[in-house]
Amino acid sequence: GGLRKVGEGKYVLKPTAGREVTITASGTLPDGKVVSDKQLFRVKPIPAGRGTIRGEYAAKGPVENMLKSTISARMEDFDFEVNISVTECIVVFPRIGSTKLSGGRWNDEAIRMAERLKPGDVVRITGIKTKLTGADIPMKTASDATYTIQ
């Protein structure tokens, strides 16, 4: 993988293939003796996030509330605390059509389509593309979220 120095005594390793990586560290003690140690790490892929609207997987409410809500995604059962942001998604309106959003905010076209929804309609947010905040790591597409109009 790619090992790069990011500061005094600090390095970042970006594994490129395989399920394990061994890191070996060595240094020289004040008396001139060379010491080293190695550690094996498991490499696990980052799982897909789960799409949400208003923080819920299957939200319900009036159209006005939906349009005030942010589309996001979150990681479940992941060993590390990470922040992910939505870069784009597709909103599917029943009987009306679909539109692509940039990020997790509603655009004018989506708002116009939403104004034609009726109670009982289920809006599906799909194709939710995400990125890990602060890292250039590709992520799998998040699972869909829904919003039922009441």
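You'll find the structure just up there.
Cut-offs used in this document
- Residues numbered from 1 in each chain as written.
- Predicted model: local features only at pLDDT ≥ 70, side-chain atom pairs only at ≥ 80, totals over all residues.
- Heavy atoms only, no water.
- Helix = DSSP H or I, 4+ residues; strand = E, 2+ residues; numbered from the N terminus.
- Rg over C-alpha atoms; globule rule 2.2 N^0.38 Å.
- Buried < 20%, exposed > 50% of the residue type's maximum accessible area, 1.4 Å probe, protein only.
- Core = buried A, V, L, I, M, F, W, Y, C linked by side-chain atoms within 4.5 Å.
- Contact = heavy atoms within 4.5 Å.
- Pairing = 2+ DSSP bridges.

### With respect to the overall build of the protein
Working step 1: For the protein, the helix and strand inventory stands at 2 helices and 11 strands.
Working step 2: For the protein, the α and β elements follow one another from N to C terminus as β-β-β-β-β-β-α-β-β-β-α-β-β.
Working step 3: What you see for the protein is a C-alpha radius of gyration of 22 Å, clearly larger than the 15 Å of a compact globule of 150 residues, by over 25%.
Working step 4: For the protein, buried positions account for 28% of its 150 residues.

### What to know about the nonpolar core
A general feature of soluble globular proteins is that nonpolar side chains tend to end up buried together.
Working step 1: Counting 29 residues, the largest nonpolar core has M66, F93, W106 and L117 as the members making the most contacts within it.
Working step 2: Sorting elements by how many residues they give to this core places strand β8 (residues 84-93) first, with 5 residues.
Working step 3: With residues up to four places along the chain from it excluded, the contact list for F93 reads M66, T99, W106, A110, M113, A114, L117 and V123.

### Re the pairing of strand β2 (residues 10-14)
Working step 1: Relative to β2, strand β1 (residues 2-7) is paired through 5 bridges, and the arrangement is antiparallel. By the bridge assignment for β2, R4 is matched with V12.
Working step 2: Where β1 folds back on β2, the antiparallel hairpin that results is connected by 2 residues, among which G9 adopts a positive phi of roughly 75 degrees.

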